[in-house]
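Below, each chain spelled out in residue letters.
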Protein chains: 2
Amino acid sequence: MIDIDEWTITSAALKAQGGTANTRLKTVMDSLVRHLHEFAREVQLTEAEWAHGIDFLTRAGKITDDKRQEFILLSDVLGLSSLVTAQCNRRPTGCTEATVFGPFYVANAPKYDNGDDIANGASGEPCFVAGTIRGIDGEPIANAEIDVWQSDDEGNYDVQRPELAQAQGRGRLSSLEDGRYGFRSIVAVPYPIPHDGPVGQLLEKLGRHPWRPAHLHFMIRAPGYETLITHVFRSGGTYLDSDAVFGVRSSLIADWKRHEAGLAPDGTCMEEPFYTLDYDFVLNKAAKDYTLLPPSR
Amino acid sequence: MIDIDEWTITSAALKAQGGTANTRLKTVMDSLVRHLHEFAREVQLTEAEWAHGIDFLTRAGKITDDKRQEFILLSDVLGLSSLVTAQCNRRPTGCTEATVFGPFYVANAPKYDNGDDIANGASGEPCFVAGTIRGIDGEPIANAEIDVWQSDDEGNYDVQRPELAQAQGRGRLSSLEDGRYGFRSIVAVPYPIPHDGPVGQLLEKLGRHPWRPAHLHFMIRAPGYETLITHVFRSGGTYLDSDAVFGVRSSLIADWKRHEAGLAPDGTCMEEPFYTLDYDFVLNKAAKDYTLLPPSR
């Protein structure tokens, strides 16, 4: 391992990690080292560019905290999240498609009963969301844990508003005996991903916009079924064909129907126009671990 | 860009960044995206492994501050730093070889006169270092700025000791009219790179040790010459053939000569044994920018 040059470094680095008994770790790290080195040789990465890369990661680390996750954003805008989601969620036809997790999930969101208003004060036009959770064979799934999270009508999630003391636009529900679920919230709108940090600067330099089309996030977990992490996108909206994080799947696009003031699905007499969204989810039988642990912050 | 799958995501991501006018950025980012995606497909990266990667980067970001640089450590142990250094410093025979920069450089180190003791209180056996800075044609280089930095005899750099108020074991000198330089310091010893963070955990899981052979760091800058960033390694020491950061080059290995108590090269009467190191540096004529800016922290 003396007198390594730009070519022999790769075999030296692979040899150095040859001693681990963890064969999966070795497989992953060997591929990572080979591709990292091939990238650096292919573009003849300069020392100044290397330093810029270190600086980028350092700034991403600095801006990341329990409310902001710049590394997930980076993975999202580079298409890595979309790729991993796709290759890890090949499901039979008929199952609801998965899409990217995103950086705004918060574990242990407030629990609500079906019919409650999860907006909890977040601004936006009222919207009533309802549907059924079923298994691939059509069976209704009772007691599925439904995590839902979304932005307000300014495009901000609650975690992006430091002045907020309580969760807004996010919550957990359980499906009923017949698999039905339903809640009140607000209409989803397009929003830019946080672009005041290094990832935003990268997008700008690449000539890319930071916008995402309007959507609701869902994570649905039930014993015996694969956990489903997905969005429902609003049809007819902007950015559906240029989502900054490559998350749109046509099967996940649905209509938000507009209604004039009057009787809402939950019996409320609405004094303003409101929307309804009906969306059913179909889960695959579990073939892997029930719980996907989200990354720590 | 709707209905992307694990294969079409790569062309979608490349297309998205097709709009930038910065052709070099596009070249670098296109290669990065291709290799990142190929890596994830090749190993069939799972969502749990992806989450582990996000968590690793997040923890690396958290531990990085103005004294600790985990991202440089990561680049170093994966061999990327050694690769980039090698391909960016191809120099004519006779020039001093470059090696990795490492995470312990600090800009604006204290200025010293030739002959001063840069240890400044750091513990270790005394050592007198001297030599000449020359150009490739043999000409002595006057007023070259010489940055030197090293660990103490416990293997710690000053920035790793939070109780220290002043720089120790680092300083800046200028070469004399005849190109000579010289300073007093302490003997370099092997030390482990900081391994109480995510990079250390990775090394352990990979079955790798974190040790580096004994060395002194130098950065030498002079107008009209390429900046040289290198180490001088101590011959006969341990870890020369298994440096955790792949930095050793045989041309950079030199003898630290031991002397019994008596007259030192600077005329001091030493009451304890001491060492001398003589090392000459040869700089290449500048063909690129004079100043390499180190990454920010």
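The rules behind each value
- Residues numbered from 1 in each chain as written.
- Chains lettered and ligands numbered in written order.
- Predicted model: local features only at pLDDT ≥ 70, side-chain atom pairs only at ≥ 80, totals over all residues.
- Helix = DSSP H or I, 4+ residues; strand = E, 2+ residues; numbered from the N terminus.
- Buried ≥ 20, exposed ≤ 12 C-beta atoms within 10 Å, placed from the backbone.
- Axes fitted to C-alpha atoms, helices over the stretch in contact; angles between N-to-C directions.
- Parallel < 35°, antiparallel > 145°, perpendicular 65-115°, else oblique.
- Left-handed = near helix turned anticlockwise from the far one by under 90°.
- Contact = placed C-beta atoms within 7 Å.
- Nonpolar A, V, L, I, M, F, W, Y, C, P; charged D, E, K, R; others polar.
- Pairing = 2+ DSSP bridges.
- Expected span 1.5 Å × (residues − 1).
- pLDDT = per-residue confidence, 0-100.
- Least-squares fit on C-alpha atoms with pLDDT ≥ 70 in both.

Visitor: Explain the overall build of chain A to me, please; I cannot follow it from the model alone.
Guide: Looking only at helices and strands, chain A has six helices and 14 strands in total. Each of the three principal axes of chain A carries a C-alpha extent, and together these read 80 × 40 × 35 Å. When each of the 297 residues of chain A is scored for burial, the buried share is 44%.

Visitor: Sorry, what's going on with the packing of helix 2 (residues 23-42) of chain A against helix 5 (residues 80-88) of chain B here?
Guide: Following both chains from N to C, one finds helix 2 of chain A and helix 5 of chain B inclined at 20°, their axes separated by 10 Å at the closest point. In terms of axis orientation, helix 2 of chain A runs roughly parallel to helix 5 of chain B. In the crossing of helix 2 of chain A with helix 5 of chain B, the sense of the turn from one axis to the other is right-handed. Residues Leu36(A), His37(A), Ala40(A) and Arg41(A) of helix 2 of chain A touch helix 5 of chain B, and the partners they reach there are Leu80(B), Leu83(B), Val84(B) and Gln87(B). By residue class, the composition of the contact of helix 2 of chain A with helix 5 of chain B is five nonpolar, two polar and one charged.

Visitor: Which parts of the structure should I look at to understand the sheet that holds strand 3 (residues 170-174) of chain A?
Guide: Sheet strands pair via backbone hydrogen bonds, and the direction of the pair is either parallel or antiparallel. Taken together, five strands build an open sheet; the order of strands is 3-2-7-8-9 (chain A) and the sheet is mixed. The open sheet has two edge strands, strand 3 and strand 9 (253-254) of chain A, and neither has a second partner.

Visitor: For this particular structure, what's the right way to read helix 5 (residues 80-88) of chain A?
Guide: Side chains that are three or four residues apart share a direction in an α-helix, a result of its 3.6 residues per turn. A large share of helix 5 of chain A lies buried, amounting to seven of its nine residues. Taken together, the buried positions of helix 5 of chain A are occupied by Leu80(A), Ser81(A), Ser82(A), Leu83(A), Val84(A), Thr85(A) and Ala86(A). Each element contacted by the buried residues of helix 5 of chain A is listed here: helix 4 (70-77) of chain A together with helix 1 (8-16), helix 2 (23-42) and helix 3 (47-63) of chain B.

Visitor: In this structure, what is going on with the interface of chain A and chain B? I would like to understand it.
Guide: You'll often see interface size given as the accessible area lost when the parts meet. With 76 residues of chain A at the interface, the matching set in chain B holds 77 residues. Secondary structure elements with two or more residues in the side of chain A that touches chain B: helix 1 (8-16), helix 2, helix 3 (47-63), helix 4 and helix 5 of chain A. Ranked by residue count, the leading element in the side of chain A that touches chain B is helix 2 of chain A, at 15 residues. By residue class, the composition of the side of chain A that touches chain B is 39 nonpolar, 21 polar and 16 charged.

Visitor: What's the story with the packing of helix 4 of chain A against helix 3 of chain B in this structure? I'm lost.
Guide: Any two packed helices are characterised by how steeply their axes cross, that is the angle between the axes, and by the distance between the axes. At a closest axis distance of 9 Å, the pairing of helix 4 of chain A and helix 3 of chain B adopts a crossing angle of 135°. As far as their axial angle goes, helix 3 of chain B and helix 4 of chain A are oblique. With respect to the hand of their crossing, helix 4 of chain A and helix 3 of chain B are arranged in right-handed fashion. The segment helix 4 of chain A lies against helix 3 of chain B, with Phe71(A), Ile72(A) and Ser75(A) engaging Ile54(B), Leu57(B) and Thr58(B). Along the lines of polarity and charge, the residues of the contact of helix 4 of chain A with helix 3 of chain B split into four nonpolar, two polar and no charged.

Visitor: What's the story with the pairing of strand 8 (residues 228-234) of chain B in this structure? I'm lost.
Guide: On any regular strand, side chains alternate: one points to one face of the sheet, the next to the other face. Residues and elements named next belong to chain B. Judged by how many residues are buried, strand 8 sits mostly within the fold: seven of seven residues are covered. The side-chain alternation of strand 8 yields two buried faces, one formed by Leu-228, Thr-230, Val-232 and Arg-234 and the other by Ile-229, His-231 and Phe-233. Hairpin connection, strand 7 (residues 215-221) to strand 8: the antiparallel pair is bridged by six residues, and Gly-224 has positive phi, about 90°.

Visitor: Could you clarify how one ought to interpret helix 2 of chain A in this entry?
Guide: Taking 1.5 Å per residue as the helical rise, helix 2 of chain A with its 20 residues ought to reach 28 Å, and the 28 Å between its terminal C-alpha atoms agrees with that figure. Every buried residue of helix 2 of chain A is listed here: Val28(A), Met29(A), Val33(A), His35(A), Leu36(A), His37(A), Phe39(A) and Ala40(A). The elements touched by buried residues of helix 2 of chain A are helix 1 of chain A together with helix 2, helix 3 and helix 5 of chain B. Backbone geometry just after helix 2 of chain A places Gln44(A) at a positive phi near 50°.

Visitor: Quick question: what am I supposed to make of the pairing of strand 7 of chain B here?
Guide: All names here are of chain B. The element strand 7 is extensively covered by neighbouring structure, given that six of its seven residues are classed as buried. As defined by bridge partners, strand 7 adjoins strand 8 across six bridges and the pair is classed as antiparallel. Counted as the bridge partner of His-215 is Phe-233 from strand 8.

Visitor: Explanation requested: the confidence of the model for chain A in the structure shown.
Guide: Caution applies to low-pLDDT regions: their predicted coordinates should not be interpreted in detail. When pLDDT is averaged across chain A, the result is 94; 97% of the residues are at 70 or more. On the interface metric, ipTM, the complex scores 0.90, and its pTM is 0.90.

Visitor: Just checking my understanding: could you explain the sheet that holds strand 3 (residues 170-174) of chain B for this structure?
Guide: Residues and elements named next belong to chain B. Overall, mixed pairing links the five strands, which are arranged 3-2-7-8-9 in an open sheet. The outermost strands of the open sheet, each flanked by one partner alone, are strand 3 and strand 9 (253-254). Where strand 2 (residues 145-149) and strand 3 come together, five bridges link them in antiparallel fashion. Opposite Ile-146, over in strand 3, you have Leu-173 as the bridge partner.

Visitor: What should I look at first to understand the environment of Asp280(B) in this one?
Guide: Looking at where Asp280(B) falls in the secondary structure, it is placed in the loop between strand 13 (274-278) and strand 14 (281-283). Along the backbone, Asp280(B) and Arg134(B) are 146 residues apart, and their C-alpha atoms lie at a distance of 7.6 Å.

Visitor: Even after reading the chapter, I still don't get the relation of the copies chain A and chain B, so can you show me in this structure?
Guide: A rotation about some axis, followed by a shift along it, carries one copy of the chain onto the other. By a simple turn and slide, chain A fits onto chain B: the slide is 0.0 Å along the axis, the RMSD is 0.0 Å, and the turn is 180°. Seen this way, the second copy is the image of the first under a two-fold rotation axis. Nearest to the rotation axis, the C-alpha of Gly61(A) is located 1.9 Å from it, this being the minimum over chain A. Here 100% of the interface residues in chain A have copies in chain B that are interface residues too; the copies meet face to matching face.

Visitor: Help me understand the environment of Ala48(B) in this model?
Guide: Tracing the backbone shows Ala48(B) in helix 3. A C-alpha to C-alpha distance of 52 Å links Ala48(B) and Arg184(B), two positions 136 residues apart in sequence.

Visitor: Mind showing me how you'd approach unusual backbone geometry here?
Guide: Leave glycine aside and you will find that most residues have negative phi; peptide bonds, for their part, are mostly trans. Although it is not a glycine, Asn143(A) sits at a positive phi angle of roughly 60°. When you line up the elements, Asn143(A) lands in the loop between strand 1 (126-135) and strand 2 (145-149). Accessibility expressed as a C-beta count within 10 Å gives 12 for Asn143(A), which makes it exposed. A positive phi angle, close to 50°, is found at Asn120(B), a residue other than glycine.

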